[in-house]
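Per-entry structural report
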Amino acid sequence: MRPSRREFVKWITASGISLSLSRLGSAGVMSFDAHETLPGRQNWNPAARGAGRIDGVAKVTGAKLYASDFRAADLPGWPATTSHALLVRAPDATRVYIGMDLARLSGPLKPSVIVTAADLDKIGTRVPEFYAGDLFCPLGKTPIYMGQPVALLIFEKFDAFDRARLALRDGTFVKFGEETGAVEMPDYGAFRFTRVAGATPDAPDVYSPVLAGWVTPGRIQHSPLPVWSPFAKDTKLPYGKAAILGEEIRGELAEDNPKLLVLDREFNTQSVDPMFLEPESGLAWHDRKNNKLELVLGVQSPYEAAESIAFLLGKARAPFRPAHINAQCAYVGGGFGGRDHTPFVLYVALAAVFFSRPPGAPRP
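Rules behind the numbers
- Residues numbered from 1 in each chain as written.
- Predicted model: local features only at pLDDT ≥ 70, side-chain atom pairs only at ≥ 80, totals over all residues.
- Heavy atoms only, no water.
- Helix = DSSP H or I, 4+ residues; strand = E, 2+ residues; numbered from the N terminus.
- Expected span 1.5 Å × (residues − 1).
- Buried < 20%, exposed > 50% of the residue type's maximum accessible area, 1.4 Å probe, protein only.
- Arc of directions from axis to C-beta.
- pLDDT = per-residue confidence, 0-100.
- Contact = heavy atoms within 4.5 Å.
- Axes fitted to C-alpha atoms, helices over the stretch in contact; angles between N-to-C directions.
- Parallel < 35°, antiparallel > 145°, perpendicular 65-115°, else oblique.
- Left-handed = near helix turned anticlockwise from the far one by under 90°.
- Nonpolar A, V, L, I, M, F, W, Y, C, P; charged D, E, K, R; others polar.
- Core = buried A, V, L, I, M, F, W, Y, C linked by side-chain atoms within 4.5 Å.
- Pairing = 2+ DSSP bridges.
- Phe/Tyr/Trp six-rings, centres within 6.5 Å; stacked < 30°, edge-to-face > 60°.
- Lys NZ or Arg CZ within 6 Å of the ring centre and 35° of its normal.

Okay, helix H8 (residues 302-313) next. The end-to-end C-alpha separation of H8 is 17 Å, in line with the 16 Å expected for 12 residues at 1.5 Å each. Looking at H8, one finds that the buried residues are Glu304, Ala305, Ser308, Ile309, Leu312 and Leu313. End-on, the buried residues of H8 take up no more than an arc of 155 degrees, which puts them together on one face. Opposite its buried face, H8 presents the exposed residues Tyr303 and Glu307, each directed more than 90 degrees away.

Take the confidence of the model for the protein chain next. The predicted model of the protein chain averages 80 in pLDDT, with 77% of residues at 70 or higher. In the model, residues 358-364 has pLDDT below 50 throughout and makes 10 contacts with residues more than four positions away in sequence or in other chains.

Turning next to the environment of Leu245. Within the secondary structure layout, Leu245 lies in helix H7 (residues 239-254). Beyond its immediate chain neighbours, meaning those up to four positions away, Leu245 contacts Thr194, Val196 and Tyr207.

Moving on: the packing of H8 against helix H9 (residues 344-355). Two numbers describe how H8 lies on H9: the axes approach to 9 Å, and their chain directions differ by 50 degrees. The orientation of H8 relative to H9 falls into the category oblique. Between H8 and H9 the crossing geometry is right-handed. Together, Ala305, Ser308, Ile309, Leu312 and Leu313 of H8 and Val345, Leu346, Ala349, Leu350 and Val353 of H9 make up the contact between the two elements. Across the contact of H8 with H9, the residue classes break down as 9 nonpolar, 1 polar and no charged.

The biggest cluster of nonpolar side chains holds 36 residues, and the ones touching the most others in it are Leu135, Phe136, Leu293, Leu297, Ile309, Leu350 and Phe354. With 12 residues, the top contributor of residues to this core is H9. Within the second largest apolar cluster, 19 residues are counted, among which are Val150, Phe155, Phe161 and Leu168.

Before going further, it helps to examine unusual backbone geometry. Between Ala318 and Pro319 the backbone carries a cis peptide bond, its omega angle lying at 5 degrees. Topologically, Pro319 is positioned in the loop between H8 and strand S10 (324-329). Positive phi, normally seen in glycine, also occurs at Asp256, with a value near 55 degrees. Its location among the elements puts Asp256 in the loop between H7 and strand S8 (282-287). For Asn291, which is not glycine, the phi dihedral falls at a positive 50 degrees. Here Asn291 falls in the partly exposed class, since its relative accessible area comes to 27%.

Across the sheet, which stays open at both edges, the 3 strands sit in the order S3-S6-S5 with antiparallel pairing between neighbours. Because the sheet does not close on itself, it has two edges, and the strands there are strand S3 (84-89) and strand S5 (113-115). With strand direction ignored, the average angle separating the axes of adjacent strands in the sheet is 20 degrees. Of the pairings in the sheet, the one linking S3 to strand S6 (residues 149-155) comprises 6 bridges and is antiparallel in character. Its bridge partner lying in S6, Leu87 is registered against Leu152. Against the sheet, helix H5 (residues 158-167) makes contact with S3 and S6, and its axis sits at roughly 15 degrees relative to S3, the strand it touches most. Contacts from H9 reach S3, S5 and S6 within the one sheet, and its direction differs from that of S6 by about 50 degrees.

It is worth spelling out the side chain of Gln328 at this point. Looking at the secondary structure, you find Gln328 in strand S10. In this structure, Gln328 is in contact with Phe32, Glu294, Leu295, Val296 and Leu297, ignoring residues within four places of it in sequence.

Take the packing of aromatic side chains next. Considering all chains together, one arrives at 6 aromatic pairs under this definition. Judged by centre distance (5.2 Å) and plane angle (75 degrees), the ring pair of Phe193 and Trp214 falls under edge-to-face. You can see Phe193 sitting in the loop between strand S7 (174-179) and helix H6 (209-212) and its partner Trp214 sitting in the loop between H6 and H7, a full 21 residues away along the chain. This pair shows no difference in class: Phe193 is exposed, exactly as Trp214 is. Here a set of aromatic residues connected by ring pairs shows up, and it is made of Phe155, Phe158 and Phe161. Its guanidinium or amino end placed over the ring of Phe311, Arg126 lies 3.9 Å from that ring's centre, counting from NZ or CZ. Arg288 extends its terminal NZ or CZ atom over the ring of Phe320, reaching a point 5.7 Å from the ring centre.

Structure representation (structure tokens):
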């Protein structure tokens, strides 16, 4: 029987207080996408018609949005508790790294897992091409840069993690030996930008980086500046074409033609590494039962990040090599994580695969 409005009002009030009921399921754990797109892509997506942002409601209502907002319990199917990992970085890049003062992390501050360069060698990880160097500085070597990680410490309790983080701030936890000076590395890369405009301002370029892409010589001489012109004759395309056209431009400028307007200027631009505009963090879980690696990453290049992790663990021995990787990222522009080629996501993945273990198995 359908109630009347009067009966309905009687049913939902008690002592003058209005009551409302909702399904318990609506209070359950939401998926990552649901957090990102409140009240949900299926019901409302202002971005589809240019009327707003898909993550706009989530942001203004304070919903969990960035990687640092989440814990394992927030994600369906993940463990109920979250462990915490700490990167130990080298405060000196001029002396040989000889170890860590682990004695100060005894008792309740003792990490459950310690990951070093030797551990990566044991399981067979690979470093993606963009990362020139070791993910962790090996014992007996000088760090290749200030702040290079030497170890990853994993704590099961946040209190232990937090106290250990404070205990390592004095800069004496990482131990060094003889002084070697800064490490000299091979040239990382060099690019050439050559443009030949069309006959008129409206004509397409004869040649430009926009059309041909960035070019780099087939080999790079170890010198303060790259040497370009000698490689023009014996380097294959696409660099050969850019070098030959560059030499032709130099020849025209050398003729001192009064019909040419030549502007000679010097420019300086800053060089910066990728930076996070939100807290640099990530969440990962290695589901060994299903051999799956689940991640929540704060990056603006999700495909590149996932491919880097797949390459890192692609040749690793079992059980460290996952069969499937599921990387969840905030909408680009909504989350403000690191851009291309950030190695941080590699450490997030390593923390998960080294910490996971079958139920009841001893701690490594």
